[in-house]
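Listed below, chain by chain, are the residues.
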Amino acid sequence: MTSTKEFLENLRPPSDPKLRHYYSRVENLSIPITVLRCEFSKKNHMEFLFTIFHRLNTGGMKLNNQEIRNCIYGGSFNSLLKHLDSNDDWRRLNKMSKGNSYRFAKQEIILRLFAFHDGHKKYDGHLAKFLNSYMHEHREAPEKFIADKKKKLFEETVQIVFEKIFSKKAPSKLSITVLESMLVGVSKSIPYLKEKTATDLHKRFEQLTSNQEFSDDALREGLAKRHRVIARLDAAINIFSK
(Lines give C-alpha, C1' and ligand atoms only; values in the text may rest on other atoms or scores of the structure.)
Protein backbone atom coordinates (compact mmCIF):
# COMPACT_ATOMS: atom_id res chain seq x y z
CA MET A 1 0.00 0.00 0.00
CA THR A 2 1.44 3.37 -1.05
CA SER A 3 1.79 6.00 1.67
CA THR A 4 0.72 9.60 1.19
CA LYS A 5 4.35 10.69 1.26
CA GLU A 6 5.34 8.20 -1.45
CA PHE A 7 2.33 9.17 -3.54
CA LEU A 8 3.28 12.85 -3.45
CA GLU A 9 6.94 12.08 -4.24
CA ASN A 10 5.97 10.03 -7.30
CA LEU A 11 3.40 12.53 -8.54
CA ARG A 12 4.31 13.89 -11.95
CA PRO A 13 3.06 17.12 -13.56
CA PRO A 14 0.34 16.56 -16.22
CA SER A 15 1.25 16.66 -19.91
CA ASP A 16 -1.57 19.03 -20.81
CA PRO A 17 -0.11 22.61 -20.87
CA LYS A 18 -3.23 24.10 -19.26
CA LEU A 19 -3.23 21.58 -16.43
CA ARG A 20 0.54 21.97 -16.06
CA HIS A 21 -0.01 25.70 -15.44
CA TYR A 22 -2.43 25.02 -12.57
CA TYR A 23 -0.19 22.26 -11.23
CA SER A 24 2.72 24.71 -11.09
CA ARG A 25 0.64 27.35 -9.33
CA VAL A 26 -0.51 24.90 -6.65
CA GLU A 27 2.97 23.44 -6.21
CA ASN A 28 4.51 26.87 -5.64
CA LEU A 29 1.70 28.23 -3.51
CA SER A 30 2.68 29.28 0.01
CA ILE A 31 0.15 29.24 2.84
CA PRO A 32 0.92 31.61 5.77
CA ILE A 33 0.33 30.05 9.18
CA THR A 34 0.25 31.88 12.51
CA VAL A 35 0.67 29.79 15.65
CA LEU A 36 -0.86 31.25 18.83
CA ARG A 37 0.56 29.74 22.00
CA CYS A 38 -2.19 29.99 24.61
CA GLU A 39 -2.24 28.80 28.19
CA PHE A 40 -5.90 28.12 28.95
CA SER A 41 -5.46 28.55 32.69
CA LYS A 42 -4.53 32.22 32.27
CA LYS A 43 -7.42 34.66 32.05
CA ASN A 44 -5.54 37.26 29.98
CA HIS A 45 -4.51 34.59 27.45
CA MET A 46 -8.14 33.54 26.99
CA GLU A 47 -9.27 37.14 26.61
CA PHE A 48 -6.57 37.66 23.98
CA LEU A 49 -7.69 34.50 22.17
CA PHE A 50 -11.29 35.76 22.19
CA THR A 51 -10.18 39.11 20.73
CA ILE A 52 -8.09 37.47 17.98
CA PHE A 53 -10.91 35.08 17.13
CA HIS A 54 -13.34 37.99 16.96
CA ARG A 55 -11.09 40.03 14.64
CA LEU A 56 -10.27 37.16 12.31
CA ASN A 57 -13.89 36.09 12.12
CA THR A 58 -14.74 38.06 8.98
CA GLY A 59 -15.39 35.48 6.25
CA GLY A 60 -18.53 33.44 5.68
CA MET A 61 -21.16 33.61 8.39
CA LYS A 62 -19.75 35.74 11.17
CA LEU A 63 -19.93 34.10 14.59
CA ASN A 64 -21.58 35.95 17.47
CA ASN A 65 -19.90 36.28 20.86
CA GLN A 66 -21.53 33.25 22.44
CA GLU A 67 -20.61 31.06 19.47
CA ILE A 68 -16.99 32.13 19.98
CA ARG A 69 -17.23 31.38 23.72
CA ASN A 70 -18.54 27.95 22.85
CA CYS A 71 -15.33 27.39 20.86
CA ILE A 72 -12.78 28.60 23.39
CA TYR A 73 -14.40 28.08 26.81
CA GLY A 74 -15.32 24.43 26.45
CA GLY A 75 -15.79 22.56 29.73
CA SER A 76 -18.35 21.53 32.32
CA PHE A 77 -19.91 25.00 32.56
CA ASN A 78 -20.34 25.37 28.80
CA SER A 79 -21.90 21.90 28.73
CA LEU A 80 -24.31 23.07 31.43
CA LEU A 81 -25.44 26.02 29.29
CA LYS A 82 -26.20 23.64 26.41
CA HIS A 83 -28.11 21.29 28.70
CA LEU A 84 -30.19 24.06 30.29
CA ASP A 85 -31.02 25.45 26.86
CA SER A 86 -33.04 22.27 26.27
CA ASN A 87 -35.24 22.85 29.33
CA ASP A 88 -38.91 22.53 28.27
CA ASP A 89 -40.18 25.56 30.21
CA TRP A 90 -37.29 27.65 28.88
CA ARG A 91 -37.94 26.71 25.27
CA ARG A 92 -41.68 27.31 25.57
CA LEU A 93 -41.09 30.66 27.27
CA ASN A 94 -38.89 31.76 24.35
CA LYS A 95 -41.01 30.09 21.63
CA MET A 96 -38.04 27.97 20.54
CA SER A 97 -38.66 25.32 17.91
CA LYS A 98 -37.34 21.79 18.45
CA GLY A 99 -33.76 21.19 17.39
CA ASN A 100 -32.94 24.86 16.78
CA SER A 101 -29.97 26.19 18.78
CA TYR A 102 -30.65 29.81 17.72
CA ARG A 103 -26.88 30.24 17.32
CA PHE A 104 -26.39 30.09 21.11
CA ALA A 105 -28.27 33.39 21.62
CA LYS A 106 -30.54 31.88 24.28
CA GLN A 107 -27.55 30.28 25.99
CA GLU A 108 -26.02 33.74 26.37
CA ILE A 109 -29.14 34.87 28.23
CA ILE A 110 -28.67 31.94 30.63
CA LEU A 111 -25.04 32.99 31.05
CA ARG A 112 -26.15 36.55 31.78
CA LEU A 113 -28.53 35.27 34.45
CA PHE A 114 -25.73 33.45 36.27
CA ALA A 115 -23.15 36.22 35.87
CA PHE A 116 -25.47 39.01 37.04
CA HIS A 117 -27.02 36.87 39.79
CA ASP A 118 -23.58 36.24 41.26
CA GLY A 119 -22.27 39.79 41.01
CA HIS A 120 -24.14 42.43 39.04
CA LYS A 121 -22.44 45.18 41.06
CA LYS A 122 -19.10 44.06 39.57
CA TYR A 123 -20.28 44.86 36.04
CA ASP A 124 -18.01 47.53 34.55
CA GLY A 125 -19.88 48.42 31.37
CA HIS A 126 -18.16 45.90 29.06
CA LEU A 127 -20.66 43.07 28.63
CA ALA A 128 -18.55 40.75 26.46
CA LYS A 129 -15.56 40.98 28.81
CA PHE A 130 -17.80 40.52 31.86
CA LEU A 131 -19.33 37.34 30.45
CA ASN A 132 -15.96 36.05 29.21
CA SER A 133 -14.53 36.46 32.69
CA TYR A 134 -17.39 34.52 34.25
CA MET A 135 -17.06 31.67 31.76
CA HIS A 136 -13.31 31.51 32.30
CA GLU A 137 -13.69 31.44 36.07
CA HIS A 138 -16.21 28.58 35.99
CA ARG A 139 -14.97 26.80 32.89
CA GLU A 140 -14.24 23.52 34.69
CA ALA A 141 -16.65 23.99 37.59
CA PRO A 142 -17.14 20.98 39.89
CA GLU A 143 -20.32 18.92 39.85
CA LYS A 144 -21.55 20.43 43.11
CA PHE A 145 -21.48 23.92 41.58
CA ILE A 146 -23.06 22.71 38.33
CA ALA A 147 -25.87 20.51 39.65
CA ASP A 148 -26.55 21.73 43.18
CA LYS A 149 -26.28 25.44 42.50
CA LYS A 150 -26.60 26.62 38.92
CA LYS A 151 -28.85 23.92 37.46
CA LYS A 152 -31.24 24.15 40.39
CA LEU A 153 -31.20 27.96 40.35
CA PHE A 154 -32.03 28.09 36.64
CA GLU A 155 -34.78 25.47 36.71
CA GLU A 156 -36.55 27.00 39.71
CA THR A 157 -36.27 30.52 38.28
CA VAL A 158 -37.64 29.56 34.87
CA GLN A 159 -40.43 27.50 36.44
CA ILE A 160 -41.64 30.48 38.48
CA VAL A 161 -41.44 32.79 35.48
CA PHE A 162 -43.17 30.47 33.02
CA GLU A 163 -45.80 28.94 35.30
CA LYS A 164 -46.69 31.83 37.61
CA ILE A 165 -45.89 35.05 35.77
CA PHE A 166 -46.99 33.88 32.32
CA SER A 167 -49.42 31.09 33.32
CA LYS A 168 -47.62 28.56 31.09
CA LYS A 169 -48.19 30.68 27.98
CA ALA A 170 -45.36 32.30 26.08
CA PRO A 171 -45.68 36.10 26.02
CA SER A 172 -46.38 37.62 22.62
CA LYS A 173 -43.41 39.95 22.97
CA LEU A 174 -40.60 39.94 25.50
CA SER A 175 -37.39 41.93 25.05
CA ILE A 176 -34.04 40.53 26.16
CA THR A 177 -33.65 43.51 28.51
CA VAL A 178 -36.88 42.71 30.36
CA LEU A 179 -36.30 38.94 30.30
CA GLU A 180 -32.78 39.28 31.65
CA SER A 181 -33.83 41.62 34.47
CA MET A 182 -36.87 39.51 35.38
CA LEU A 183 -34.78 36.33 35.57
CA VAL A 184 -32.22 37.95 37.85
CA GLY A 185 -34.91 39.52 40.03
CA VAL A 186 -36.79 36.24 40.45
CA SER A 187 -33.59 34.22 41.01
CA LYS A 188 -32.72 36.39 44.01
CA SER A 189 -35.97 35.58 45.87
CA ILE A 190 -36.93 32.03 44.87
CA PRO A 191 -38.02 30.70 48.32
CA TYR A 192 -40.18 33.79 48.91
CA LEU A 193 -41.74 33.80 45.43
CA LYS A 194 -42.60 30.10 45.56
CA GLU A 195 -45.16 30.97 48.24
CA LYS A 196 -46.73 33.83 46.28
CA THR A 197 -49.69 33.48 43.97
CA ALA A 198 -49.61 33.81 40.21
CA THR A 199 -51.73 36.96 40.52
CA ASP A 200 -49.18 38.53 42.85
CA LEU A 201 -46.26 37.72 40.54
CA HIS A 202 -48.10 38.97 37.48
CA LYS A 203 -48.62 42.31 39.23
CA ARG A 204 -44.92 42.47 40.05
CA PHE A 205 -44.11 41.85 36.39
CA GLU A 206 -46.37 44.77 35.41
CA GLN A 207 -44.52 46.92 37.94
CA LEU A 208 -41.26 45.90 36.32
CA THR A 209 -42.28 46.79 32.76
CA SER A 210 -43.72 50.13 33.88
CA ASN A 211 -40.64 51.03 35.94
CA GLN A 212 -38.75 54.14 34.86
CA GLU A 213 -35.58 52.11 34.23
CA PHE A 214 -37.38 50.31 31.38
CA SER A 215 -38.80 53.41 29.75
CA ASP A 216 -37.87 54.33 26.20
CA ASP A 217 -35.87 57.33 27.41
CA ALA A 218 -33.80 55.23 29.83
CA LEU A 219 -33.15 52.50 27.27
CA ARG A 220 -32.10 55.02 24.62
CA GLU A 221 -29.18 56.11 26.81
CA GLY A 222 -27.42 52.80 26.20
CA LEU A 223 -28.49 49.29 27.13
CA ALA A 224 -25.05 48.12 28.24
CA LYS A 225 -23.85 51.17 30.19
CA ARG A 226 -22.84 50.26 33.72
CA HIS A 227 -25.19 52.55 35.62
CA ARG A 228 -28.15 51.59 33.43
CA VAL A 229 -27.62 47.84 33.73
CA ILE A 230 -27.15 48.01 37.51
CA ALA A 231 -30.18 50.30 37.90
CA ARG A 232 -32.39 47.91 35.88
CA LEU A 233 -31.25 44.87 37.82
CA ASP A 234 -31.62 46.66 41.16
CA ALA A 235 -35.18 47.61 40.19
CA ALA A 236 -36.02 44.00 39.27
CA ILE A 237 -34.47 42.61 42.46
CA ASN A 238 -36.44 45.08 44.58
CA ILE A 239 -39.74 44.42 42.78
CA PHE A 240 -39.51 40.64 43.19
CA SER A 241 -38.18 40.73 46.75
CA LYS A 242 -40.07 41.09 50.03
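Predicted model, so just to flag it, every value in this text is computed and none were measured.

As for a nonpolar patch on the surface
For step 1, the next point in the chain: Taken together, the side chains of Leu-29, Ile-31, Ile-33 and Val-35 present a nonpolar region at the surface, about 490 Å² in accessible area.
For step 2, the next point in the chain: Looking at the element boundaries, Leu-29 is found in the loop between α2 (17-27) and α3 (43-56).

Considerations on the nonpolar core
Where a protein is soluble and globular, its nonpolar side chains tend to be buried together.
For step 1, the next point in the chain: One finds Phe-77, Trp-90, Phe-114, Ile-165, Met-182 and Leu-208 to be the most contacted residues of the largest nonpolar core, which totals 54 residues.
For step 2, the next point in the chain: Considering each element in turn, this core owes the most residues, 9 residues, to helix α9 (residues 143-165).
For step 3, the next point in the chain: Apart from the residues lying within four places of it in its own chain, the contact partners of Leu-208 are Val-178, Met-182, Phe-214, Ala-236, Ile-239 and Phe-240.

Some points on unusual backbone geometry
For step 1, the next point in the chain: Here the phi dihedral of Lys-95 falls at roughly 55 degrees; this positive angle occurs in a residue that is not glycine.
For step 2, the next point in the chain: Even without glycine at this site, Tyr-102 takes up a positive phi of about 55 degrees.
For step 3, the next point in the chain: On the secondary structure map, Tyr-102 appears in the loop between α6 (88-93) and α7 (105-119).
For step 4, the next point in the chain: Using a relative accessible area of 25% as the deciding quantity, one classes Tyr-102 as partly exposed.

Observations regarding helix α8 (residues 127-137)
For step 1, the next point in the chain: Every buried residue belonging to α8 is among Phe-130, Leu-131, Asn-132, Tyr-134, Met-135 and His-136, and all of these are buried.
For step 2, the next point in the chain: Among the structural elements, α3, α4 (65-72), α5 (76-84), α7 and α9 are those in contact with the buried residues of α8.

Quick notes on the pattern of salt bridges
For step 1, the next point in the chain: All chains considered together, the criterion is met by 15 salt bridges.
For step 2, the next point in the chain: Of the charged contacts in the structure, one is a salt bridge between Glu-155 and Lys-151, with a shortest N-O distance of 2.8 Å. Taken together, the positions of Glu-155 and Lys-151, both in helix α9 and 4 residues apart, correspond to about one turn of that helix.
For step 3, the next point in the chain: Glu-156 serves as the salt-bridge partner of Lys-194, at 3.0 Å between the closest nitrogen and oxygen. Note that Lys-194 is positioned in helix α11 (residues 190-194) and Glu-156 in helix α9, a separation of 38 residues in sequence.
For step 4, the next point in the chain: Here Lys-194 falls in the partly exposed class, since its relative accessible area comes to 41%.
For step 5, the next point in the chain: Residue classification places Glu-156 among the buried positions, given a relative accessible area of 18%.
For step 6, the next point in the chain: Salt bridges here are not isolated pairs; linked through shared partners, they connect Arg-69, Glu-108, Arg-112 and Glu-180.

Cut-offs applied
- Residues numbered from 1 in each chain as written.
- Predicted model: local features only at pLDDT ≥ 70, side-chain atom pairs only at ≥ 80, totals over all residues.
- Heavy atoms only, no water.
- Patch = residues over 30% accessible without salt bridge, like charges linked within 9 Å, V, L, I, M, F, W, Y side chains within 5 Å.
- Areas by Shrake-Rupley, 256 points an atom, 1.4 Å probe, with all protein chains shown as cover.
- Salt bridge = Lys/Arg side-chain N within 4 Å of Asp/Glu carboxyl O.
- Helix = DSSP H or I, 4+ residues; strand = E, 2+ residues; numbered from the N terminus.
- Core = buried A, V, L, I, M, F, W, Y, C linked by side-chain atoms within 4.5 Å.
- Buried < 20%, exposed > 50% of the residue type's maximum accessible area, 1.4 Å probe, protein only.
- Contact = heavy atoms within 4.5 Å.

Interpretation note: all reported values are geometric properties and have no functional meaning in isolation.
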